[in-house]
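# Architecture and fold: a report
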Amino acid sequence: MLASTLRAELIKLRRAPIWIAFVALPVVAAAIGTFNYVSNLAILKLGWFDLWTQHTLFAGMFFLHALIGASCSWLMRLEHRGTNWNLLMTSPVGMVSILMAKLFVAWLMLAVALVATGALFVGCGKLVGLPGLPGPEFALWLVMAWVGGLAPIACQLLVSLLVRNFAAPVGVAVIGGLIGFFAHAYDKALAWPYGLVVVALNSNGNGALDAAQIVPFLVSTALFTAVALAAATLVLARLDVKTA
Amino acid sequence: MELSIQTSGLTKAYSGTKVVDALDLAVPRGAVYGFLGPNGAGKTTTMKMLLGLVRASAGSASVLGMSVTPRNRVQVNARVGSLIESPSCYPHLTARENLEVVRSLRGLPKRSIGEALATVRLDHTGSKPVGAFSLGMRQRLGLAAALMGNPELLLLDEPTNGLDPAGIQEIRELIRRLPAERGCTVLVSSHLLSEIDQMSDHVGIISHGRMVWQGPLGELHARARRWLELRTTDNERAARLLNASCGTDGWVRVPAVDDEPVARMTLSLAREGIGIVRLEERNEGLEGIFLALTGSEASL
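To keep things clear, this report deals only with the structure shown in the data block. Just so we're clear, the structure is a prediction, and the values are computed from it rather than from any experiment. (Residues numbered from 1 in each chain as written. Chains lettered and ligands numbered in written order. Predicted model: local features only at pLDDT ≥ 70, side-chain atom pairs only at ≥ 80, totals over all residues. Heavy atoms only, no water.)

Within a sheet, each strand pairs with its neighbour through backbone hydrogen bonds, oriented either parallel or antiparallel. Residue and element names in this part refer to chain B. Across the sheet, which stays open at both edges, the six strands sit in the order S7-S8-S9-S4-S10-S11 with mixed pairing between neighbours. The open sheet has two edge strands, strand S7 (80–83) and strand S11 (210–216), and neither has a second partner. On average, each strand axis in the sheet is inclined to that of its neighbour by 15 degrees, with strand direction left out of account. Here S7 runs beside strand S8 (residues 153–157); their pairing, made up of four bridges, is parallel. When the sheet's bridge partners are listed, Gly81 is paired in S8 with Leu154. (Pairing = 2+ DSSP bridges. Helix = DSSP H or I, 4+ residues; strand = E, 2+ residues; numbered from the N terminus. Axes fitted to C-alpha atoms, helices over the stretch in contact; angles between N-to-C directions.)

So this is what it looks like as structure tokens:
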């Protein structure tokens, strides 16, 4: 059942205008990060690591959460338009499958954004003349950010399910990301779903997740994801289907 | 009589106002059941409750022998096709891609897309996104989606909305053929009397959320008042002789329509030397019955 719902969600992504944001925002984040790096070469002496902090500072604090918000808003807005909820809810698929498929698709979209972030990081590094290639830890941080991204995605799906407007949930995601950034500064990132991507990216250079933090990180991700999904399922099950 | 849909005291209230009020609906298997009522009578809400899109405030509903409950939703949906309110579609996708979404959700074979598109004559739309479709084309797409997978029961809410006269005729024919060709039961709602009259074999009339009449269409027609109208060589004398009324339009109206009284009437006119020029049977039609039952203005 989940496979068929997922296939349906993937078809909806064809020629989707939301992809424009997935190209534009990582480019903007990389451009700002590279400009900052080049402008502060006098104090930024750590090569790839400093370029990484400059690139992911804005990405982790703002752009990635904006993209998560936009993708979830778009995925839910597809159904909020016209009578599309009727189509989904009169199909022989479970409500959990519907939400899981959207979660997976948004997660896939986050993977695209993170791959773009990584590719732009390497490309910009070579452009500014950094020697060799960045170490494997950067790829690991991107993978961990992808894993941790499940939690804000689940939360954003719930928000976008409740709020039919496109922009307001994106605003919620951006504010959530900003709070996550400050939560990380106070070592509380694992207690806030929007802090997980920030801590995984090590974007402010406070230190990457160490071995002892991996399990709490995964538990926190699983817990926030499960709670948000359960709440969204309850909303779908309990409320009458509204059409535009 | 085996029923495809049965409701008992089905009620939906919003903030204390009953939109559907203790509705007892009985749709026989294999019927095209016309669900007739003025705008706002509760037709769409009833259909939404049958599909589990809206939760009933009271009463119960059974579809294809299964209770409509959240637990049965998936099983019921697998056997029912529907077009409720307006067609559901993703405007950035083509007609084929939209039906691919439906095919995936319903687990149908690939050929079902081509068949559905051909049935509603949308197989020529190619790469045109649905966002650029006319209202009628979208309506056809919605019907194609509802028909996919040969459902045992179809719930169609005003399916000819937005279609041109030729399209209306075509869809009407399609719906009429469905029970014989696909063994499907159809519940079709409309506020258009003529449409229901031409499509259905059973009718339910709903007004202010309450069922005011339901049964075979023939029985509804049988309730209609009938009369004869005749023109003679001397209308005033004919009216006096038959104890009937003579309208300003020159027609004499006689309430009797059965064979024997008509025979007596024609003989008596002939005996008096009054020639019958024209003789026609009239009835009040569905419109009159509808008005009498609902107390509202009928749409024609």
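Having seen it, we continue.
Before going further, it helps to spend a moment on the interface of chain B and chain A. Across the boundary between the two partners, chain B contributes 30 residues, which contact 31 residues of chain A. Both sides together, the interface formed by chain B and chain A hides about 2,800 Å², and carbon and sulfur atoms give 54% of it. Glu97 of chain B is the salt-bridge partner of Arg14 of chain A, the closest N and O atoms lying 3.5 Å from each other. Counting every contact that joins chain B to chain A gives 22 residue pairs in polar contact (both at pLDDT 80 or more). Those elements that place two or more of their residues in the side of chain B that touches chain A are strand S1 (3–14), helix H2 (73–79) and helix H3 (95–106) of chain B. The element that contributes the greatest number of residues to the side of chain B that touches chain A is H3 of chain B, accounting for seven residues. (Contact = heavy atoms within 4.5 Å. Buried area = accessible area lost by both parts, 1.4 Å probe. Salt bridge = Lys/Arg side-chain N within 4 Å of Asp/Glu carboxyl O. Polar contact = N/O pair within 3.5 Å; in protein donor to acceptor, adjacent residues only side chain to side chain.)

What follows covers the layout of surface pockets. Here the largest pocket defines a volume of roughly 360 Å³. Every residue lining the largest pocket is counted, 22 residues in all, and those nearest its centre are Gly52, Arg55, Val68, Thr69 and Pro70 of chain B. Those elements that provide at least two residues to the lining of the largest pocket are helix H10 (211–238) of chain A together with strand S5 (58–63) of chain B. Tallying contributions element by element places S5 of chain B first for the lining of the largest pocket, with three residues. For the lining of the largest pocket, the per-class residue count stands at 14 nonpolar, five polar and three charged. Roughly 260 Å³ of internal volume is contained in the second largest pocket. Forming the boundary of the second largest pocket are His80, Trp85, Met89, Leu161, Leu162, Arg164, Val235, Leu236, Leu239, Asp240, Val241 and Lys242 of chain A. The class makeup of the residues in the lining of the second largest pocket is eight nonpolar, one polar and three charged. (1 Å grid on protein atoms, 1.4 Å probe; cavity = no way out; pocket = protein on both sides within 12 Å on 5 of 7 lines; lining within 4 Å. Points joined across faces, edges and corners; volume = space filled by probe spheres on them. Nonpolar A, V, L, I, M, F, W, Y, C, P; charged D, E, K, R; others polar.)

On to the pattern of salt bridges, then. All names here are of chain B. Evaluated as defined, the whole model comprises 28 salt bridges over all chains. For Arg282, the salt bridge is made with Glu229, and the minimal N-O distance between the two is 2.7 Å. With Arg282 in strand S15 (residues 276–283) and Glu229 in strand S12 (residues 226–232), this pair connects stretches of sequence that are 53 residues apart. Judged by its relative accessible area of 3%, Glu229 falls in the buried class. Here the salt bridges do not stand alone but share partners, grouping Glu229, Asp249, Arg253, Arg278, Glu280 and Arg282 into one network. (Buried < 20%, exposed > 50% of the residue type's maximum accessible area, 1.4 Å probe, protein only.)

Right, let's talk about a nonpolar patch on the surface for a bit. A cluster of nonpolar residues, Val38, Leu41, Leu127 and Val128 of chain A, forms a patch on the protein surface that exposes about 360 Å² of accessible area. Looking at where Leu41 of chain A falls in the secondary structure, it is placed in the loop between helix H2 (19–39) and helix H3 (48–80). (Patch = residues over 30% accessible without salt bridge, like charges linked within 9 Å, V, L, I, M, F, W, Y side chains within 5 Å. Areas by Shrake-Rupley, 256 points an atom, 1.4 Å probe, with all protein chains shown as cover.)

Turning to empty space enclosed by the protein, a few remarks are in order. Scanning all chains against the criterion turns up four cavities of 30 Å³ or more. Lining the largest cavity are 15 residues, and of these Leu87 and Thr90 of chain A together with Ser82, Leu83 and Ser88 of chain B sit closest to its centre. For the lining of the largest cavity, the leading source of residues is helix H5 (residues 135–147) of chain B, giving three residues. Per-class residue counts for the lining of the largest cavity are seven nonpolar, seven polar and one charged.

Attention shifts here to unusual backbone geometry. Residue and element names in this part refer to chain B. Unusually for a residue other than glycine, Ser15 sits at a positive phi of about 50 degrees. Checked against the element boundaries, Ser15 lands in the loop between S1 and strand S2 (17–23). The backbone of Glu85 sits at a positive phi, close to 65 degrees, despite the residue not being glycine. Structurally, the position occupied by Glu85 is in the loop between S7 and H3. Under the relative-accessibility criterion, Glu85 is labelled partly exposed at 28%.

A separate point is the pairing of strand S4 (residues 32–36) of chain B. Residues and elements named next belong to chain B. Among the five residues in S4, five count as buried, and that is most of the element. Here S4 shows a buried face lined by Val32, Gly34 and Leu36 and a second buried face lined by Tyr33 and Phe35. Where S4 meets strand S9 (residues 185–190), five bridges bridge the pair, whose relative direction is parallel. In the strand pairing of S9, Val32 is matched with Val186.

A few words on the environment of Val122 of chain A. Here Val122 of chain A lies in helix H5 (residues 95–127). Sequence separation between Val122 of chain A and Phe166 of chain A is 44 residues, and the spatial gap between their C-alpha atoms is 33 Å.

Moving on: the packing of aromatic side chains. Centre distance and the angle of the planes are the two values used to describe a pair of aromatic rings. Scanning all chains against the criterion turns up 13 aromatic pairs over all chains. For the ring pair Trp107 of chain A and Trp146 of chain A, a centre distance of 3.9 Å and an interplane angle of 5 degrees mean the geometry is stacked. Here Trp146 of chain A lies in helix H6 (residues 136–148) and Trp107 of chain A lies in helix H5, a separation of 39 residues in the sequence. Since its relative accessible area comes to 16%, Trp107 of chain A is described here as buried. Taken together, a centroid distance of 5.4 Å and an interplanar angle of 40 degrees make the contact between Trp192 of chain A and Tyr194 of chain A tilted. Joined through ring pairs, the aromatic side chains of Trp48, Phe49, Trp52, Phe121, Phe138 and Trp141 of chain A make up one cluster. The aromatic ring of Trp251 of chain B is capped on one face by Arg282 of chain B, whose charged end is 5.4 Å from the ring centroid. (Phe/Tyr/Trp six-rings, centres within 6.5 Å; stacked < 30°, edge-to-face > 60°. Lys NZ or Arg CZ within 6 Å of the ring centre and 35° of its normal.)

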